[in-house]
Amino acid sequence: MVIRALVFPVVLGASLALTLLAIRAGYSAPAAIVVATLMSGVILLLLEPVIPYRSDWRRPVIKSGVDLLHVLSTGLTTHLFGALCFGAMFLVAQNFSTWIGGDLWPTRLPVVIQLGLALIIGDFGAYWVHRTCHNGTLLWRLHAMHHTSERLQVLSSARNHPGNAIFAYGSQVIPLILLGANAEVLAALSVFTAVHGLLQHGNVDLRYGVFSYVFATADLHRWHHSVNFEESNTNFGSNLALWDHVFGTFHHPGGAPERVGLDDLAVRENFGAHLVLPVTMRD
Ligand SMILES: [Zn+2]
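Residues numbered from 1 in each chain as written. Predicted model: local features only at pLDDT ≥ 70, side-chain atom pairs only at ≥ 80, totals over all residues. Heavy atoms only, no water.

What exactly am I supposed to notice about unusual backbone geometry here?
If a residue is not glycine, its phi is most likely negative; likewise, a peptide bond is most likely trans. Even without being glycine, Asn235 reaches a positive phi, approximately 50°. For Asn235, the position within the fold is in the loop between helix H9 (229–232) and helix H10 (242–246). (Helix = DSSP H or I, 4+ residues; strand = E, 2+ residues; numbered from the N terminus.)

Take a look at the structure:
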């Protein structure tokens, strides 16, 4: 079916175009990002029961109450983090560009090229923070909860501890702000990351072709969620497969792992239990 090959580029491209058009028409960037992400989420949630990747991973949205709380929590956490920290960082970047007498960031290039650059630089930070989470005890306590889904679905992308959400988001955008990337580029990157995350975790049977060698698509990311450590210790990219290629963690054998989740961590399906997991989990 052609639709299986079109969903990834069309949903991603349309959400990006919608966000940029809305911002240029005078709407606020956070509102544009939320609307574009929600629209993409609804489309993917409707596709999940129609063309599921695995029929045994299906679960009605109504039964995913805890994951819906995580959607709110992740959205609010990243928004609050941005509201509290970004103003000061923009000021630092401004002072730095005055000091060096010019811009470090190529603000005159078309926004699509700036977005490409932001994806490459942003994913470098996100890649290393994510990889460190899997190989360090302290950060793993914050990240482990994201791996507790035993069936990957659209909503699994938001299943994050707030601490993990801040680390993931911060590692991606702070270097870009300090380099002088403007609010429009950051908005484009934010909506790309949010919608790509929905596609990456969605239980939708799509065809990626060459996209799997460029972007961190679902057929790569499912291996990262494998219960088997050798398989999950791969594909750390957030949006791109680039840094997995560069640092030797790209894993694309086709198909998907037999099971996803964590065999050695039992967590109650309760939002409060998820919030205290970094303290209650054993090494
Ligand atoms: Zn991970």
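I would appreciate a short explanation of a nonpolar patch on the surface in the present structure.
Taken together, Phe96, Trp99, Ile100 and Leu104 make up a surface patch of nonpolar side chains, about 460 Å² in accessible area. With respect to the helices, strands and loops of the structure, Leu104 is situated in the loop between helix H3 (65–100) and helix H4 (111–135). (Patch = residues over 30% accessible without salt bridge, like charges linked within 9 Å, V, L, I, M, F, W, Y side chains within 5 Å. Areas by Shrake-Rupley, 256 points an atom, 1.4 Å probe, with all protein chains shown as cover. Salt bridge = Lys/Arg side-chain N within 4 Å of Asp/Glu carboxyl O.)

Honestly, the environment of Leu262 in this entry has me stumped. Any pointers?
Within the element layout of this structure, Leu262 appears in the loop between H10 and helix H11 (271–275). Taking the relative accessible area as the measure of exposure, Leu262 reaches 17% and is therefore buried. C-alpha of Leu262 to C-alpha of Ser226: the two residues are 36 residues apart in sequence and 7.9 Å apart in space. Every residue in contact with Leu262, bar those within four places of it in the chain, is listed here: Trp140, Ala144, His147, Thr148 and Val227. (Buried < 20%, exposed > 50% of the residue type's maximum accessible area, 1.4 Å probe, protein only. Contact = heavy atoms within 4.5 Å.)

Looking at this structure, how should I read the coordination of the zinc ion?
When four donors bind a metal tetrahedrally, each ideal donor-metal-donor angle is 109.5 degrees, and when six bind octahedrally, the ideal angles are 90 or 180 degrees. Taken together, the protein donors to the zinc ion comprise His130 (NE2), His134 (NE2), His143 (NE2), His147 (NE2) and His224 (NE2), at separations of 2.1 to 2.2 Å. All donor residues of the zinc ion come from one chain, and their arrangement in sequence is H-x3-H-x8-H-x3-H-x76-H. In this pair, the class of His143 matches that of His147, namely buried. (Donors = N, O, S within 2.8 Å, 3.2 Å for Na, K, Ca; no water.)

Would you explain the layout of surface pockets in this entry?
Space left empty within the atom packing is revealed by a probe, the size of a water molecule, rolled over the atoms. Quantified by volume, the second largest pocket comes out at close to 390 Å³. Sorting the residues of the lining of the second largest pocket by element identifies H4, helix H5 (137–143) and H9 as the ones contributing at least two each. For the lining of the second largest pocket, a count of residues per class yields 7 nonpolar, 10 polar and 5 charged. (1 Å grid on protein atoms, 1.4 Å probe; cavity = no way out; pocket = protein on both sides within 12 Å on 5 of 7 lines; lining within 4 Å. Points joined across faces, edges and corners; volume = space filled by probe spheres on them. Nonpolar A, V, L, I, M, F, W, Y, C, P; charged D, E, K, R; others polar.)

In this structure, what is going on with the environment of Asp123? I would like to understand it.
Mapping Asp123 onto the fold places it in helix H4. Distance in space between the C-alpha atoms of Asp123 and Val173 is 9.2 Å, their sequence separation being 50 residues. Once residues lying within four places of it in the same chain are set aside, the contact partners of Asp123 are Ala118, Gln172, Gly237, Ser238, Asn239, Leu240 and Trp243. A polar atom in the side chain of Asp123 sits 3.2 Å from the backbone nitrogen of Ser238. (Polar contact = N/O pair within 3.5 Å; in protein donor to acceptor, adjacent residues only side chain to side chain.)

Even after reading the chapter, I still don't get the environment of Pro49, so can you show me in this structure?
Inspection of the secondary structure assignment puts Pro49 in helix H2 (residues 29–50). Taking C-alpha positions, Pro49 is 14 Å from Arg151, a pair spaced 102 residues apart along the chain.

What exactly am I supposed to notice about the confidence of the model for the protein here?
Parts of the model with low pLDDT should not have their predicted coordinates read in detail. Confidence in the prediction for the protein averages 91 pLDDT; 99% of positions are at 70 or higher. The least confident element of the protein is H3, whose mean pLDDT is 81; the most confident is H10, at 98. (pLDDT = per-residue confidence, 0-100.)

Any chance you could explain the packing of aromatic side chains here in plain terms?
Scanning the entire structure with this criterion turns up 15 aromatic pairs. Seen from their ring centres, Tyr127 and Phe236 are 5.9 Å apart, and the 90° between their planes marks the pair as edge-to-face. You can see Tyr127 sitting in helix H4 and its partner Phe236 sitting in the loop between H9 and H10, a full 109 residues away along the chain. Of the two residues examined, Tyr127 and Phe236, each falls in the buried class. Ring geometry for Tyr213 and Phe250: centres 5.7 Å apart, planes at 40°, overall tilted. On the criterion of sequence distance, the pair formed by Tyr213 in the loop between helix H7 (183–201) and helix H8 (218–224) and Phe250 in the loop between H10 and H11 is long-range, its members being 37 residues apart. For Tyr213, a relative accessible area of 45% gives the class partly exposed. Through pairs of rings, three or more aromatic residues link up here, namely Phe124, Tyr127, Trp128, Phe236, Trp243 and Phe247. Note that Arg222 overlies the ring of Tyr53, its terminal NZ or CZ placed 3.7 Å from the centroid. (Phe/Tyr/Trp six-rings, centres within 6.5 Å; stacked < 30°, edge-to-face > 60°. Lys NZ or Arg CZ within 6 Å of the ring centre and 35° of its normal.)

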